[in-house]
Every structure is written in C-alpha cells, then in structure tokens.
Amino acid sequence: MRKDTGKVTASVLRCPHRSPIDYDMKFTSDMLSPQSARVLPWLVAVAFFMQMLDSTILNTALPGMAEDLGVSALRMQSVVISYMLTTALLIPASGWIADRFGTKYTFCFAICLFTLGSLFCAMSPTLEILVLSRVLQGVGGALMVPIGRLAVLKAYPRTELVSVLSFVTIPGLIGPLMGPLTGGFLVEYATWHWIFLINIPVGVVGAALAFRYMPEIKEAVVGKFDGRGFIIFSASLVLITLAMEGFGELQMPRVQAVLLCIGGLLLMSFYWLRSARVPLPLFSVAMFNTRSFAVGILGNLFSRLGSGAMPFLIPLFLQLALGYSPFKAGLTMIPTALAGIIGKQMIITLLDRLGFRLFLTFNTLALGALIASFTFIGADTPYVVILLLFGVFGVVNSMQFTAMNSVTLIELEARHASGGNTLLSVTMQISACSGVAIAAALLDGFTSAYALLPSAERLMRVFHSTFIWIGLLSLVTAVIFSQAPAHAGKGTKTGGHPPAHAGEDAKIDDPAPALADEGSKTDDSACGCPK
C-alpha cells in the first residue's frame, strides 16, 4: 500500500502553464494515501466542532461558575470575551503560519494548545487564572479550523471540495446549537469543570491522529510576514468584535459600542487601502479579482448575520417563550443536526444541476423564509410540526453553509489559497458576532416596544418579531449570490466547471497580468510545458 509522502512543497508542483484544476489533481494524488483521504475530513470536522462548541458552551454555565469561584456573575463575561478576542486577534496570521511551518505540525500544535488550555481552565481556582487559560485555549482555537480547512483546500481536487466541505461543515452547525444546552446540563447535573474536561480525550486522540494522517503542506519560499498589516487588521477585528459584544451581551452604552465599531471599520478601511500598495500584504486585494471569491466573501458576511443568529435565538425561544426545559430544548434541536446529514447528501446533485448562482439565490430565499416562519410557532403548535420545521431548517441551513464556503474557495488561485481561506475564517468570525449582536438588539428593542403586553404574550411577540426581521435580513442576501459566475459549480460531480481563469465570468476584469508567488517563480524552460 502506498504511504503518505509526508512533506510536500507546494511550489514544486506549481506551473504557470497549468490550470488550478490540474495542479490540485496532481497535488492530491502525490500527497494522500487512501487512509489519510478518509481520516482528514474527520479530523477537521472534529476540530470545527470543538471550536464552535467552545464558543457558546459557557453562556448558560456562567452563573454557576461565578458562584463556585466566588465572584459576581457580571465579571464572568470576561471568560467569554477573552476567548473571542484571542481568536479574532490571531486568525489573520493563521494562513502565513501554515505556509511557513507546515499544516501538519501547526495543526497538531493548535490541538495541543487547545487541549492544554482546556485542562488549565478545568483546574483554575480563580477567575483571573481562568481568563488566562481561556486565552491559551483561544490561541489553539484560532489556528485549528483555518489550518484544517486550508489542508482540505490544498489536499483535495476541486471536484471533491464541495463534498468534503459539506462533511466538515455539519459539526460546525451542531456546535453552536448544542453549546448552551450542554453547558447548562453539565452545570446542573455535574460541575462546570466538565465543560472543559470533555475536550481533553477528544484533543489527545485528535492530536495523535493528526500527527499520523494530516499531510504536511508547506510553501518552499514564504514571503516576509506583514507585521504592520497584521497589527492594523487584527486591531480592527478586536474593535469590531468588542463593539458587537457591546451591542449584545455586554450591554455597553450605545455610544461606546458605536465608537468602537467606527474605529474598527476605519482601521479595516485603512488596511485595505494600504494592502493595495505594499508588495506582500497579509491579504491581497488581487484575491477579489476572482468573482466567485468576491461574491462568496460578501455573501458569507451578510448571510451569516441571519443564520448565525439562530443558535443564539432558538435556545432562548424554546426555554423562555415556550417554557421548555433545557433537556427538552436540546431534544427539540436534534432534527436540525440530523437533517444536516440529509443536506450533505443532496448538495452535490443540486449544485451539479443548478450551479452556485441559481442554487445559492433560491436557497438563500428559502432560508430567509424558513427563519421568518418561526413566527408561526406558538404555545399551541403541535410538537411534531415544530420538529418538522426544525428538520427542514436544518437541511436548508446545512446546504447554505456548504455552498457558501465552496463558492468562496473553489475557483481561488493556488497562490491565494492561504490568504483566501484565512479571510473566509475572519468573515465568519465577524458575521457570527454581528448576527448575535443584531438579534440581541432586536430582542431588546421589541421588549421595550411590547412592554405594555402581558408577560407571556410579550415574550412570544418579541421573539416572533425578531424572527421576521432576521428572516428579511437573510432574504436580501440573495441579491449578492445572484452575482456569482453562471458556470461555477455546474458539473461538480464530473469536474466540468472551468478553472478560475477561464472566461470573463470567472474573474472581474483586470488589465494587469496575474502575478506569480513572490520567491516561487519557476523556470519555464524546466517545466516541460509547451511554449
């Protein structure tokens, strides 16, 4: 049986005369054994689940943790914020780190850091030590998912990318939904320490499997790290994340949250203006010459505002408005998770027939309508109908996430793979925080608007109104996906879609020629291509 080749240098296989499809096909056949090809998606999926679960699992457990640590519950929000800010700060550097040190050892290092941080969190005797431990955990979380997805992007041919990403995405959808309920269940029936202890066996097994099966993808020559760009971009992310949390759970004064948001947006604008005139920026504006990438990034940013708010809204709605116990609320959301598997089976066939443009346009409209349809759920709604709605929502939401990620990355040139994948992670981070902030702001606003209604009726009206506006926000995003290239995604099963540089639809017009990677240009006379 053929063994993994181990360390693979990306630039060795790169040739300016070959299409990205040819490059990826050869890359895959030279790198992965059958065992690695089967195990790698599982590794990335588990990492995605751990990261997403840990971002929400503490929300319902904070009061019990505060009591055990002997501090005010209001101070416990620092445990959540420290993790989010750490991931926001370090995600932008993950692509360069993977190119410089390789995916295998960086991914293993990230899992070990995350696991070690979880152990320290469980052992923390004080709030201060717990916050420091969460920072360590956040460093690992910031690297795990982007680098895992980068390995998938580079290790599999583009014809398999949609299928692999659909598998990897499902645990990421389940994690945010199950996090609050799992945290509340563990605090009620065990102790809060188990919130972190459950990560340790998973992390140990994951690190061992990653060391065995994760391919070592490493660039032969890596440009100088854009330190100034990293500081500017990461600072903008930190400010925006703080602002979104300020609008939501931190309940900052509105003026303070708005000023933080404006400061973050100004720094973000300054970064992109700067990146257009520096030779090796952290993220190159040239990536947006690929139309599918530009549409995918914008679509992810705005579509996830709606779908990203649902893991925050659904547990609250079930427990506060419908009066479900945490356990029953968790059981109610099981169809959403199981339906994601059905969506995984459907997505390839639908994309093969419709392409990304038609599929994402109509699926986004369906997703928005489904979110708004939660307004029809009331105290007298049959439980079977609620389960059915949750199942349909799970199918559509799962396909939406898979298709959005795929359209963003599928036609991206190889030289932009690391930067594009990292920027997608950044977009997901911003959008998730913003979605929760928007949902929290809507709940707060409608609570004031319906203040004169009886308590039970007020809660139901508040949630129903919020679902309607979140659904409308998702519906509008369909306009963005309607701008995707017409050919993209068609022939997914057979690899029939053209490479990124073929045709005007694939790229936005750019008079400048495509630039080769800095430090990795090849000698045309030695490549064996016809001149």
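Residues numbered from 1 in each chain as written. Predicted model: local features only at pLDDT ≥ 70, side-chain atom pairs only at ≥ 80, totals over all residues. Heavy atoms only, no water.

Draft legend 1. Expanded view of empty space enclosed by the protein. Enumeration over the complete set of coordinates arrives at 4 cavities of 30 Å³ or more. Volume-wise, the second largest cavity comes out at about 40 Å³. In this structure, the second largest cavity is lined by Val44, Phe48, Val145, Arg149, Leu165, Val168, Thr169 and Asn405. Elements represented by at least two residues in the lining of the second largest cavity include exactly helix H2 (34-56), helix H7 (127-155) and helix H8 (158-189). Partitioned by chemical class, the residues of the lining of the second largest cavity number 5 nonpolar, 2 polar and 1 charged. (1 Å grid on protein atoms, 1.4 Å probe; cavity = no way out; pocket = protein on both sides within 12 Å on 5 of 7 lines; lining within 4 Å. Points joined across faces, edges and corners; volume = space filled by probe spheres on them. Helix = DSSP H or I, 4+ residues; strand = E, 2+ residues; numbered from the N terminus. Nonpolar A, V, L, I, M, F, W, Y, C, P; charged D, E, K, R; others polar.)

Draft legend 2. A look at the packing of helix H5 (residues 94-101) against helix H6 (residues 103-123). Relative to each other, H5 and H6 sit at 125°, their axes nearing to 7 Å. What the angle tells us is that H5 and H6 run oblique. Contact residues: Ile97, Ala98 and Phe101 in H5; Thr103, Tyr105 and Thr106 in H6. Broken down by class, the residue content of the contact of H5 with H6 amounts to 4 nonpolar, 2 polar and no charged. (Axes fitted to C-alpha atoms, helices over the stretch in contact; angles between N-to-C directions. Parallel < 35°, antiparallel > 145°, perpendicular 65-115°, else oblique. Contact = heavy atoms within 4.5 Å.)

Draft legend 3. Main features of the packing of H6 against helix H10 (residues 199-213). Two elements in contact, H6 and H10, have axes separated by 9 Å at closest approach and are oriented at 165°. As the angle between them shows, H6 and H10 are arranged roughly antiparallel. Here H6 runs over H10; the crossing is left-handed. Residues Lys104, Tyr105, Phe107, Cys108, Ile111, Cys112, Phe114, Thr115, Ser118 and Leu119 of H6 lie in contact with H10, whose contacting residues are Asn199, Ile200, Gly203, Val204, Gly206, Ala207, Ala210 and Phe211. The residue inventory of the contact of H6 with H10, partitioned by class, reads 12 nonpolar, 5 polar and 1 charged. (Left-handed = near helix turned anticlockwise from the far one by under 90°.)

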